[in-house]
Amino acid sequence: ANHSKEDAVDAKPAAVDANLTSPAQVDANPLPPSGGRPPGSIQPFVPTNRDSSCYDISGPKKVIIFNHRKFHSRFQLNERKGSELDVNAIDKTFKSLLWQVEVHHDATTQQIRGVMNQLQTSEETEQLSALAIFILSHGEDNGTVFANDSMYRVDHDVLFGLAADKCPYLAGKPKLIFVQACQGQNTDPGSNVRRRHTSQDSTSTYKIPNFADFLIFQASFWNHYSFRSSDTGSWFIQALCNKIRDSPTDDSILDTLLEVSRSVAIERESNVPNRPHLHQKKQTPLLYSTLLRKLYLKEGSTRRKLKNTPDSVQPTVNKRFELADHSKSGNKSDCICM
């Protein structure tokens, strides 16, 4: 659907932009990985049983929003007008689901690092049953996004610090990362298609991978633009919040995110007539998941699913995880990485 106002993109302006005469000078070095605790110094307890088919998120849940609207002048980046509409939509949607919401506006890389370190070290994190992080900014390829004063990487500076060995308090708990930012400078013109007509519990301690239990959902495919309207917010975040709000209670988050992808990809087309290289373009979100179980955002469904779990695998609060320690050897066959 087209809008009366032009759409904008969440990317560093390319040389094709007539208004720019020189490229932005940026510090593209990622932040060093957060320190965290040495592996094995904490053995985390998790609320979900080893053999449960869905996560137990009946405890406290938290959303952290990094909303980057304004940037240092050396970047030559446009202000992200309409981003506050995305923040409001996220806040309203997740508070209605009883999540705590914490917002950081125009944070510097140092401030982002402080938030991530606090997650790793605070005993309050241990009480959480789930965490969601939203990053709203301009971006480039390789998962690089802009803070107010420099650039940071979603993988190195956010995701890696939440891995089970770096953040034991969140081990075994779902960690959701949503990125509203361009992934590069390419555009997707789309292709026309038409339908062909046819005539018709076993043990209390167990080991998990450090990068299990993640879900990363980004606004656009690798190396492509994502679009935002100053009047209505970004296509991606608005579709996400609308689909979560309207989702049936028994839909898992992956069911809902499929609806988000279809909505963005099929129902939207850019409206930027004075910039032909951005006009009438399409966008498709990209999903990565290492979730091990179904995740239900609406509480009633989780409670019913857990209640129907057989007695032998009923969720138990004090289930202990053992984090991988590669310094130990055992009677296990070797693995070959290809």
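Residues numbered from 1 in each chain as written. Predicted model: local features only at pLDDT ≥ 70, side-chain atom pairs only at ≥ 80, totals over all residues. Heavy atoms only, no water.

## Points about a nonpolar patch on the surface
For step 1, the next point in the chain: Together, Phe221, Trp222 and Tyr288 give the surface a local cluster of nonpolar side chains, amounting to about 300 Å² of exposed area.
For step 2, the next point in the chain: Taking relative accessible area as the criterion, tyrosine 288 reaches 32% and is therefore assigned partly exposed. (Patch = residues over 30% accessible without salt bridge, like charges linked within 9 Å, V, L, I, M, F, W, Y side chains within 5 Å. Areas by Shrake-Rupley, 256 points an atom, 1.4 Å probe, with all protein chains shown as cover. Salt bridge = Lys/Arg side-chain N within 4 Å of Asp/Glu carboxyl O. Buried < 20%, exposed > 50% of the residue type's maximum accessible area, 1.4 Å probe, protein only.)

## Overview of the side chain of lysine 61
For step 1, the next point in the chain: Residue placement: lysine 61 occurs in strand S3 (residues 61-67).
For step 2, the next point in the chain: Given a relative accessible area of 6%, lysine 61 falls into the buried group.
For step 3, the next point in the chain: Within the structure, lysine 61 has its side chain in polar contact with the backbone oxygen of isoleucine 57 (distance 2.8 Å).
For step 4, the next point in the chain: Of note is the side chain of lysine 61, whose polar atom sits 3.0 Å from the backbone oxygen of glycine 59.
For step 5, the next point in the chain: The contact partners of lysine 61, leaving out residues within four places of it in the chain, are Leu97, Leu98, Trp99, Gln100, Leu128, Ser129 and Ala130. (Helix = DSSP H or I, 4+ residues; strand = E, 2+ residues; numbered from the N terminus. Polar contact = N/O pair within 3.5 Å; in protein donor to acceptor, adjacent residues only side chain to side chain. Contact = heavy atoms within 4.5 Å.)

## Focus: the packing of helix H5 (residues 235-246) against helix H6 (residues 253-267)
For step 1, the next point in the chain: The interhelical angle for the contact between H5 and H6, taken along N-to-C directions, is 135 degrees, at an axis separation of 9 Å. When the axes of H5 and H6 are compared, the pair comes out oblique. For the pair H5 and H6, the crossing hand works out as right-handed. Here H5 contributes Trp235, Phe236, Ala239, Leu240, Lys243 and Ile244 to the contact with H6, which in turn contributes Thr256, Leu257, Glu259, Val260, Ser263 and Val264.
For step 2, the next point in the chain: Its residues assigned to classes, the contact of H5 with H6 shows 8 nonpolar, 2 polar and 2 charged. (Axes fitted to C-alpha atoms, helices over the stretch in contact; angles between N-to-C directions. Parallel < 35°, antiparallel > 145°, perpendicular 65-115°, else oblique. Left-handed = near helix turned anticlockwise from the far one by under 90°. Nonpolar A, V, L, I, M, F, W, Y, C, P; charged D, E, K, R; others polar.)

## Comments concerning H5
For step 1, the next point in the chain: For H5, built from 12 residues, the straight-helix expectation of 16 Å at 1.5 Å per residue is met to within 8% by its first-to-last C-alpha distance of 16 Å.
For step 2, the next point in the chain: All of the buried residues in H5 are Trp235, Phe236, Ile237, Gln238, Ala239, Leu240, Cys241 and Ile244. (Expected span 1.5 Å × (residues − 1).)

## Points about the pattern of salt bridges
For step 1, the next point in the chain: Inspection of the entire model under this criterion finds 11 salt bridges.
For step 2, the next point in the chain: The salt bridge partner of glutamate 79 is arginine 69, with a shortest N-O separation of 2.5 Å. Here the residue glutamate 79 occupies a position in the loop between S3 and helix H1 (83-96), and arginine 69 occupies one in the loop between S3 and H1, the gap between them amounting to 10 residues.
For step 3, the next point in the chain: Classification of glutamate 79 by relative accessible area gives partly exposed; the value is 32%.
For step 4, the next point in the chain: Owing to a relative accessible area of 22%, arginine 69 belongs among the partly exposed residues under this scheme.
For step 5, the next point in the chain: When the shortest N-O distance is used, the salt bridge between aspartate 246 and arginine 245 registers 2.9 Å.
For step 6, the next point in the chain: Connected via shared salt-bridge partners are Asp10, Arg80 and Arg228.

None of the figures reported here should be taken as evidence of function without further support.
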